[in-house]
Amino acid sequence: MTDVLDVLRTAGRLLWRHWPVLLALYLGAILARYGVIEFAGWIGSYSAVAGSLLLPIAILVRLIALVAMFLVLRDGMRQLRAIAPLPADGPARRREFVDALMVGILPFFAFYAAWGYLREDAVAYSSRVLELTTGRLFDDATVGDGLNGMVTVTPLTIAIVIAAFVLRWLLQRYRDRLPRWFGVFAAYLEAVWVYFAAVVIGDIVATVSNWVATRQGMVWLGDLRAGIESVFLPFAWLWSATEWLLGEVGGIILLPVAWLTIAGVLYGQAVAPAAVSTERIAGDVGRRIRTHYRNLPGRLRARLEDLWSDLVGRFTPIGNALVLMWRAGPVLIGGFVLTYTLLLWLQGVCEWAVPRAFGPHDSQFWFVNDQLIFLIVPVLIEPVRIALVAGGYDGVIGRLRGRQAGASDRPEALDTAQGSTTALTNSGLPATDSSSTTNGPEASSGTR
């Protein structure tokens, strides 16, 4: 209970000190997303591929705002600052921002797609394309290559994924020889290959699911279930209750854990999990694979290792963040999940109450003002959500530091300020020497 209260105190302090900045960043992301979708829709009305190449920018601007919001809160996160002090100068802060942005693209896009936000952007984009294309049909015969502007799994789509990934890898490999502004292009390429890969994987999964659903075995199982439910009614109640419970519990637990994971990826990892030796994996099969691999030419092995490390490195921060939460224990994580669920309940109440507070109006009023009215609740809730997630992450680190203080015989459990350099570097955040970083007003204003 004490840990949960610490999380709430930290979140309240962060919200009180930074809510104007959080609000401005969130509103800026909304406006930028709207502008990008409008422009991408206009381009997509002429070319579906060109429009889809611009759509990832709408997601990227929201990630940029999210990274900025989390980094703004760093100066008030006491537990995090104890093991990862704030950058001391402007270049270090900019480098921290870019590194956090790059490492956060993959988990954020996965979260964005899993909770339906990617579908919302796609629907808004398709609606804009359809509106422009339909209007153009009445003017001339020049229309785009698709009425909805969306792409599907084609050889061109797969080629875009491969080309964007390879170009991103080349920029990463030779970034020391390139101007700094190439980092913007690298972030765009990262967003493009992840977005198109999500489209390809989503279409493949949908195709396989539809194929499985139409197989005779699935039809037979459906008929068997219907027959049992018609004879034994409690079975139908139990089955429906189980489906509802799994759906509700899964959403209630996974959503706050996903937010905490994103915070862990962006802030860096405080716990250094034990490395797993590849020599222990796969037994004899693994040894034979490694033997054939070592017989390859050295130059080819070097290129394969670079590609593999670049690909695996995108998933490593996610695993590290999950390990951190696992080591924090179920009491703290459960308390954070409960607190986040209460915030979702409050959001639902506000979404019900705010439109009714405007009273009865005709349809013209709602047609003109509905977007602004429905924006009130997200604008109020989002800064609270970000502060709560940041407070939860700081509480996780505080829990682990408390265990370190009480269990000096297990120094491997937590990286302190002297031993966290490797973990922070691997997570994408540059570690800073605590001896060269002050904790005064200069440090506190560093990330604002």
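Residues numbered from 1 in each chain as written. Predicted model: local features only at pLDDT ≥ 70, side-chain atom pairs only at ≥ 80, totals over all residues. Heavy atoms only, no water.

(A) Geometry of the overall build of the chain. Helices and strands together make up the secondary structure of the chain, namely 16 helices and 0 strands. The buried share of the chain, reckoned over its 448 residues, is 39%. Counting only contacts in the chain whose residues sit at least 6 apart along the sequence, the fraction spanning at least 24 positions is 80%. In the structure as shown, the chain presents an accessible area of about 24700 Å², 67% of it carried by carbon and sulfur atoms. (Helix = DSSP H or I, 4+ residues; strand = E, 2+ residues; numbered from the N terminus. Buried < 20%, exposed > 50% of the residue type's maximum accessible area, 1.4 Å probe, protein only. Contact = heavy atoms within 4.5 Å. Areas by Shrake-Rupley, 256 points an atom, 1.4 Å probe, with all protein chains shown as cover.)

(B) Here's a closer look at the pattern of salt bridges. In this structure the tally under the stated criterion is 8 salt bridges. Overlapping salt bridges, with partners in common, bring together Glu38, Arg128 and Glu131 in one network. (Salt bridge = Lys/Arg side-chain N within 4 Å of Asp/Glu carboxyl O.)

(C) Representation of the nonpolar core within the structure. One finds Phe70, Trp259, Tyr267 and Tyr393 to be the most contacted residues of the largest nonpolar core, which totals 86 residues. A total of 13 residues in this core trace back to one element, the largest contributor, which is helix 14 (residues 363-406). (Core = buried A, V, L, I, M, F, W, Y, C linked by side-chain atoms within 4.5 Å.)

(D) Local environment of the UniProt feature "transmembrane region" (unreviewed entry) in the chain. Feature annotation in UniProt places "transmembrane region" (unreviewed entry) on residues 21-43, 49-73, 97-118, 150-171, 192-213, 244-267, 324-346 and 372-393, given in this structure's numbering. Along residues 49-73 the backbone is 96% helical and 0% strand, and the end-to-end C-alpha distance reaches 38 Å. (UniProt positions renumbered as here; feature names shortened; annotations may be inferred.)

(E) Structural detail: the packing of helix 1 (residues 2-44) against helix 2 (residues 48-72). Look at helix 1 against helix 2: their axes get within 8 Å of each other, and the N-to-C directions meet at 175°. Classified by the interaxial angle, the pair formed by helix 1 and helix 2 is roughly antiparallel. Classifying every residue of the contact of helix 1 with helix 2 by side-chain character gives 22 nonpolar, 3 polar and 2 charged. (Axes fitted to C-alpha atoms, helices over the stretch in contact; angles between N-to-C directions. Parallel < 35°, antiparallel > 145°, perpendicular 65-115°, else oblique. Nonpolar A, V, L, I, M, F, W, Y, C, P; charged D, E, K, R; others polar.)

(F) Seen up close, the packing of helix 1 against helix 13 (residues 330-357). One way to put it is that helix 1 packs onto helix 13 with a least axis distance of 9 Å and a crossing angle of 50°. What the angle tells us is that helix 1 and helix 13 run oblique. At the point where helix 1 passes helix 13, the crossing takes the right-handed sense. On helix 13, the residues touching Asp3, Val4, Val7 and Leu8 of helix 1 are Leu332, Gly335 and Thr339. (Left-handed = near helix turned anticlockwise from the far one by under 90°.)

(G) Here's a closer look at a nonpolar patch on the surface. Taken together, the side chains of Val153, Ile158, Ile162, Val166, Leu167, Leu170, Tyr174, Ile204, Val208, Trp211 and Val212 make up a nonpolar region of the molecular surface, amounting to roughly 910 Å² of accessible area. Listed by contribution, the elements that provide at least two residues to the nonpolar patch are helix 6 (155-173) and helix 7 (182-213). It is helix 6 that contributes the most residues to the nonpolar patch, 5 residues altogether. The exposure class of Leu167 is partly exposed, given its relative accessible area of 40%. (Patch = residues over 30% accessible without salt bridge, like charges linked within 9 Å, V, L, I, M, F, W, Y side chains within 5 Å.)

(H) Expanded view of helix 2. With 25 residues, helix 2 extends 37 Å between its outermost C-alpha atoms, agreeing within 8% with the 36 Å of an ideal straight helix rising 1.5 Å per residue. Of all 25 residues that make up helix 2, 19 are buried, and the element is covered over most of its length. (Expected span 1.5 Å × (residues − 1).)

(I) Geometry of the confidence of the model for the chain. In the predicted model, the chain carries a mean pLDDT of 74, and 70% of its residues have values of at least 70. Below a pLDDT of 50 lies the segment residues 141-148, which in the model reaches 16 contacts outside its immediate sequence neighbourhood of four places, other chains included. Taken together, the stretch residues 409-448 has pLDDT below 50 and engages in 74 contacts with residues farther than four places along the chain or on a different chain. (pLDDT = per-residue confidence, 0-100.)

(J) Quick look at the packing of aromatic side chains. This model, assessed by the stated rule, comprises 12 aromatic pairs. Arranged with centres 5.6 Å apart and planes meeting at 45°, the rings of Tyr112 and Tyr117 form a pair that is tilted. Its relative accessible area of 28% is what places Tyr117 among the partly exposed residues. Above the plane of the ring of Tyr117 lies Arg62, whose end atom (NZ or CZ) is 6.0 Å from the centre. (Phe/Tyr/Trp six-rings, centres within 6.5 Å; stacked < 30°, edge-to-face > 60°. Lys NZ or Arg CZ within 6 Å of the ring centre and 35° of its normal.)

(K) Broad picture of the side chain of Thr261. Following the sequence through the fold, Thr261 ends up in helix 9 (residues 233-267). Note on Thr261: relative accessible area 9%, which makes it buried.

(L) Structural view of helix 12 (residues 316-328). The terminal C-alpha atoms of helix 12, which comprises 13 residues, lie 19 Å apart, in line with the 18 Å expected from a rise of 1.5 Å per residue. Among the residues trailing helix 12, Gly329 stands out with phi positive, at a value near 100°.

(M) Highlighting the environment of Leu80. Structurally, Leu80 is set in helix 3 (residues 78-83). Exposure remark for Leu80: the relative accessible area of 2% places this residue in the buried category. For the pair Leu80 and Gly268, spaced 188 residues apart in sequence, the C-alpha separation works out to 9.4 Å. Residues contacting Leu80, with those up to four places away along its chain left out, are Arg74, Tyr267, Tyr393, Asp394 and Ile397.

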